[in-house]
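# Reading the structure
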Amino acid sequence: MTGMVEIPRTSSEQVDFEATLKLILKNAVDALKGNAGVVATWNEAERRFVAQVSYGLNPVAMSQLQPLLNEAAPDLASSKESFNLLSELRPGVDLPYSEKGVIQNPIIALPLQIGGRSIGLIYILRPADTSAFSHLDQPILTAFAEQAAIAVQNAKLAHVLAEEKHRIELILESSADGIITVDARRRLTGFNHAMERLTGFSREEVLGKECFTLLQLRDWEGKNLCPVQCPILREIKNGGQTFELQGKIRTKQGQDADVSIFYSIISTPEGKTINAVGNIRDISRNRQLENLRETFLALLGHELQTPLSIIKGYTSTLARTDGKWDKKTLQNGLQIIEEESDRLGQVMNKLLLASRISTGTSAVRKELIELSAIADKVVRRLQKIANKHTFKVNFDSTFPPVPADPELIENVLANLVENAVKYSPGGGKIVISGSYDSKQVRIVVSDEGMGIPAEELKHIFERFHRVDKGPARAIKGLGLGLYLCKTIIEAHGGIIEVSSQMGKGSQFTFSLPL
């Protein structure tokens, strides 16, 4: 039939369905020798027909015709004789004019139906001085009504698909985990916002590039996993659908990020790979905690084993029934047992304090304290075991009392001075000095020891961190002392800092507010 158009099939044309609908309407008007026409669709929210597109009518004429959409036109479209005059449908109504100024009166209407369900209607108008529509016109309009119904249905489906696509994109973009999509040639086709944060790459930088050259997934030992473990390649060989890999990927800054990747393979019924979706979770923190746990257990075992072995050895020796120990030998043995027990007690006290601080159960109970007196107390205790060192406490007589927890601050000073002794095994001077202004006091603990490597300074206050380079490597410890110092000082509203020079010593400085 002349004037018929084919409904476009591509998604871009479906979205622009109003242009298609208007073309169908124009062809219908021309085929039926009319002047104007309207396609209306059912609006479920408003429970009425609403004009979707019109042809040959100006806004005034459309406002005159709108009552027909609500009342007479639906009845006309559903009747067996769906052709009439506007003047008969609505007696006394002002007849509409076409865009060319021609009065319209003859009208024919048909429903737009899909699967027996009405989704809209189409009606065509002729000039008032022409003949009314007849039953011969109805089959012609039916063909156009079918096209219009398909166009409306396609538009609704396209709208639903677009909304669902938008919803899925919002979910993917708001995901805390990184999400990538990779095609069968292992090129990146999707890269969400979380991946941008994780890797430092923007979406524009990575789309279309091969994922194995960009992200460079490696195992914990640094071996490249992509040639042998890529899930797309494995799917082709083994027919699997999901895979999980853990390893390190490379960021834009050239750093490594520890990740867990869960791949889902999308393939045809024949098993040919279409693409893969990768859900990428940053497990750097989990890996760090796991490493800390292993380090802690190793250090704890080392710290406990030595004093326990000494205590066990001396108690077994002194308890022997065949031993005839003089008083001095017994006294020395018992003194060593006591010292090693004290050492165990110190380890346990540090662990308990770290536990209380990390769980928030260690409350800061402030009172006015004399820091010089606490420094003197710490020095007197350590002088007994550090006979190679010279201690100096340097506080001005006007140094003000400070509101702080005396037990916790003593713990800080003891840790700093013990560290100064430990990391200057050759002896030297250890100075505790204080200064103040109107807002705060500053305490400096300095030594003349081996110093701290520059690259270690930023990690020195981390939990379980120990300097593992040079002479410091042989020094025992849990790596909790400086972590506790930092946590306690910050709980008081102060700060703690360190400066050091290799071979010349270190300075630890903390401040407390007045």
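Here's a quick rundown of the structure. Just so you know, these numbers come straight off a predicted model, no measurement behind them.

Before going further, it helps to spend a moment on the overall build of the chain. If you tally the helices and strands in the chain, you get 16 helices and 17 strands. Counting the 514 residues in the chain, one finds 41% classified as buried. For the chain, the proportion of contacts with a sequence separation of at least 24, taken over those separated by at least 6, is 59%. Of the roughly 28,200 Å² of accessible surface on the chain, a fraction of 53% belongs to carbon and sulfur atoms.

Now for the packing of helix α14 (residues 371-383) against helix α15 (residues 406-422). Two elements in contact, α14 and α15, have axes whose closest approach is 10 Å; the angle formed by their N-to-C orientations is 45°. One element, α14, and the other, α15, form an angle in the oblique class. Crossing of α14 against α15: the hand is right-handed. Seen from α14, the contacting residues are Leu-371, Ile-374, Ala-375, Lys-377, Val-378, Arg-381 and Leu-382; seen from α15, they are Pro-406, Ile-409, Glu-410, Leu-413, Ala-414, Val-417 and Glu-418.

Across a sheet, strands are paired by hydrogen bonds formed along the backbone, either parallel or antiparallel in direction. Sheet architecture is open: five strands sit in the order β2-β1-β5-β4-β3, paired in antiparallel fashion. Each end of this open sheet is capped by a strand with a single partner; those strands are β2 (48-55) and β3 (83-85). The mean angle between the axes of side-by-side strands here comes to 25°, regardless of whether they run parallel or antiparallel. The pairing of strand β4 (residues 104-114) with strand β5 (residues 117-127) spans nine bridges and is antiparallel. Bridged to Leu-110 within β5 is Ile-122. Contacting β1 (36-43), β2 and β5, helix α2 (residues 17-31) runs over the sheet at an angle of about 75° to β2. Strands in contact with helix α6 (residues 138-174) are β1, β3, β4 and β5; relative to β4, the strand with the most contacts, it is inclined by about 50°.

To continue, consider the nonpolar core. The nonpolar side chains of soluble globular proteins are, as a tendency, buried together. Formed by 43 residues in total, the largest nonpolar core has its most connected members in Leu-371, Leu-413, Leu-416, Ile-432 and Phe-510. Those elements giving two or more residues to this core turn out to be α14, β13 (402-404), α15, β14 (428-436), β15 (440-446), α16 (481-491), β16 (496-501) and β17 (505-513). For this core, the element with the most residues is α15, which contributes nine residues. Every residue in contact with Leu-416, bar those within four places of it in the chain, is listed here: Val-445, Leu-482, Cys-485, Ile-496, Phe-508 and Phe-510.

A word on the packing of aromatic side chains. Tallied over the full model, the rule gives four aromatic pairs. Aromatic side chains Trp-42 and Phe-49 sit 5.0 Å apart centroid to centroid with 70° between the ring planes, which places their arrangement in the edge-to-face category. Looking at Trp-42, the relative accessible area reads 27%, which means it is partly exposed. The buried category is assigned to Phe-49, whose relative accessible area is 11%. When the ring of Phe-461 is compared with that of Phe-508, the centres are 6.2 Å apart and the planes differ by 85°; the resulting orientation is edge-to-face. Of the two residues, Phe-461 sits in the loop between β15 and α16 while Phe-508 sits in strand β17, which places them 47 residues apart along the sequence.

Procedures and definitions
Residues numbered from 1 in each chain as written. Predicted model: local features only at pLDDT ≥ 70, side-chain atom pairs only at ≥ 80, totals over all residues. Heavy atoms only, no water. Helix = DSSP H or I, 4+ residues; strand = E, 2+ residues; numbered from the N terminus. Buried < 20%, exposed > 50% of the residue type's maximum accessible area, 1.4 Å probe, protein only. Contact = heavy atoms within 4.5 Å. Areas by Shrake-Rupley, 256 points an atom, 1.4 Å probe, with all protein chains shown as cover. Axes fitted to C-alpha atoms, helices over the stretch in contact; angles between N-to-C directions. Parallel < 35°, antiparallel > 145°, perpendicular 65-115°, else oblique. Left-handed = near helix turned anticlockwise from the far one by under 90°. Pairing = 2+ DSSP bridges. Core = buried A, V, L, I, M, F, W, Y, C linked by side-chain atoms within 4.5 Å. Phe/Tyr/Trp six-rings, centres within 6.5 Å; stacked < 30°, edge-to-face > 60°.

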